[in-house]
Amino acid sequence: MAQNSNYVTVDGEFDSLEKRSFLTIDDYNLENQTIILRIDINSSINPENGDLLDDTRIKRHAATVKELAEMNAKVIILAHQSRPGKLDFVSLKKHGERMSKIINKKITFVDDLYGDKAINNIKKLENGNILLLDNVRFDKEEIKLNKFVNNNFDEQNNSKMVKILAPYASYFVNDAFAASHRCQPSLVGFSESMPALAGRVMQRELDFLGKAISSGPTPRIAVLGGSKAADSVAIAQNFLEKGVEQILTGGVVANIFLMASGVDIGKPSTEFIEKQIPEHKKVINLAKNLLDKYGKRIQIPTDVALNIERKRNGTNIDNLPQNYPLFDIGIDTLVNYINIIEKAGTIIANGPMGVFEDSEFATGTNEIFSAISKSDGMTVVGGGETAMAFNQMGLASGIRHISTGGGACISFMSGETMPALEAMRRSKNKFSN
Ligand code: 3PG
């Protein structure tokens, strides 16, 4: 097994728990080998003209594509864009053009997945060539075979795409962390027939996220906010079990914990939770159990900013009025949270502290995100909306790792079994000696 990469991991060492359960590109000599590489370049697209509106993921995966091509491997890329029925459910032609510009290397795109056109192009590949096949979700089976049934991947392994493409390759490199919570043929089906290796994006995600949760420098803290409170309470539970020392709550997540601790958060905020979170009773119950078990390790606001006639109005949580919604954390809470952030060795953040889109209520999120970006600790930020907020605020450059995953990041942080990661683990057991 070769150890030939310049890849720099956390603290110069890939020692998270996840590393031990996966193979990576460094474990094999891939020179002259044919590789099926699954990436996630699902991007925002202008429905009017099909132009890419964001190329963040394309840029991130470009490093893996380039490295494999420079190793003189023959690279067959698989990826998806959107879902059937959506306006941005389009071919990957423009993604290929953008990727090619980024790596300054030719990428052949074919509008086919496993038909004659695709196979003819695969047969023509020479060492160092890159071929991008079309949107895997144009294949009906990729959409249909999405269940992790009886804890096996038989259906996906036996899909047409896998049966036809697998014989042409010796290795499967999975770089699609952002889709690793999905159980689809292109993500899990190749791992039984050949060694499945984590690509650089996947490796970096598992390294940083795994380490931030379970083994990063102490004290390890998490900042959880936003409106996806059901997810966040599950994440809080997993983090606390894995030894994250403190959870700082904001947004609707904080409101749930306030309710769980017996605070009446007023009519509008209560109704919002009842409407937006169908399983709110269960979520509040879980939050209550966590507060009983972990006490002060869960920090909840002591003061908040109410929205009174669109103006910020700071108030203590002891005497909240009935008629105004909670739109941000208050100043005392902010000072307390910043103190904790400044002392933290590891910070993992997901979700804003309030309605930051409205400048009147952006203080909490701005100040907390700014403090995180100034931290000398290991800072990790969840993908999707949180990543977007850090970018919009110009704070992204201060963060060590921003996840490419939205749903996948939430799934990982909640400690769920993720099919594509499970497939890589099994592949390691099967193929490594
Ligand atoms: C994402 O954008 O989160 C991933 O590409 C997964 O997409 P999906 O939710 O359509 O499976």
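Thresholds, definitions, all that
Residue positions are counted from 1 within each chain, in the order its sequence is given. Given that this is a predicted model, residues contribute local features only at a pLDDT of at least 70 and side-chain atom pairs are listed and counted only at 80 or more, while totals for whole chains, interfaces and linings are drawn from all residues. Think of the side-chain values as coming from all heavy atoms in the structure, minus any hydrogens and water. Secondary structure follows DSSP: runs of H or I at least 4 residues long count as helices, runs of E at least 2 residues long count as strands, and numbering of each begins at the N terminus. For the radius of gyration, the atom set is restricted to C-alpha positions; the globular benchmark scales as 2.2 Å times the number of residues to the power 0.38. The cut-offs for exposure are 20% and 50% of the maximum accessible area for each residue type, with area from a 1.4 Å probe on protein chains only; residues under the lower value are buried, those over the upper are exposed, and the others partly exposed. Accessible surface area values rest on a Shrake-Rupley calculation with a 1.4 Å probe, where residue burial reflects the displayed protein chains alone. In short, DSSP must find at least two bridges between two strands for them to pair. Between the N-to-C directions of two axes lies an angle of 0 to 180 degrees, each axis being a line fitted to C-alpha atoms and, for a helix, fitted only over the stretch in contact. Should any heavy atoms of two residues lie within 4.5 Å, those residues are considered in contact. A domain assignment, automatic or from a database, supplies the domain bounds used here. The salt bridge definition used is simple: a Lys or Arg side-chain nitrogen within 4 Å of an Asp or Glu carboxyl oxygen.

Of the regular secondary structure elements, the chain holds 18 helices and 16 strands. A compact globule built from 433 residues should have a C-alpha radius of gyration of about 22 Å, and the chain, at 23 Å, falls within 12% of that. Overall, the C-alpha framework of the chain stretches about 70 × 45 × 45 Å when taken along its three principal axes. Within the chain, buried positions represent 57% of all 433 residues. Counting only carbon and sulfur atoms, one obtains 45% of the accessible surface of the chain, whose full area is about 18600 Å².

Strands sit in the order β12-β11-β13 across an open sheet of 3 strands; the sheet is antiparallel. Where the open sheet ends on each side, the last strands, each with one partner, are β12 (311-316) and β13 (326-329). Across the sheet, the axes of successive neighbouring strands diverge by a mean angle of 35°, strand direction being ignored. Looking at chain direction, strand β11 (residues 303-308) and β12 are connected through 6 bridges and run antiparallel. Among the inter-strand pairings, D303 is bridged to a residue of β12, identified as N316. Packed on one face of the sheet, helix α15 (residues 363-374) meets β12 and β13 and runs near 25° to β13.

Right, let's talk about the domain arrangement of the chain for a bit. Considered domain by domain, the chain is made up of domain 1 (8-204 + 417-431) and domain 2 (218-376). Spacing between the C-alpha centres of domain 1 and domain 2 amounts to 37 Å.

A few words now on the pattern of salt bridges. Under the definition given, this model contains 16 salt bridges. A salt bridge links K430 to E192, with the shortest nitrogen-to-oxygen separation between them at 3.5 Å. On the criterion of sequence distance, the pair formed by K430 in helix α18 (residues 419-431) and E192 in the loop between α8 (185-188) and β7 (196-198) is long-range, its members being 238 residues apart. Residues K267 and E271 are paired through a salt bridge, measuring 3.9 Å at the closest nitrogen-oxygen approach. Linking K267 with E271, this pair stays in helix α12 (residues 267-276), spanning 4 residues, or about one helical turn. You can call E271 partly exposed: its relative accessible area is 40%. Each of the salt bridges in this network shares a partner with another, and the network as a whole consists of D26, E67 and R200.

With that settled, the discussion passes to unusual backbone geometry. Here T218 and P219 are connected by a cis peptide whose omega angle stands at -10°. Checked against the element boundaries, P219 lands in the loop between α9 (200-214) and β8 (220-224). Within the chain, N72 stands out as a residue other than glycine whose phi angle is a positive 75°. In this structure, N72 sits in the loop between α2 (56-70) and β3 (74-78). The backbone of E309 shows a phi angle near 50°, a positive value even though the residue is not glycine. Among the structural elements, E309 can be located in the loop between β11 and β12.

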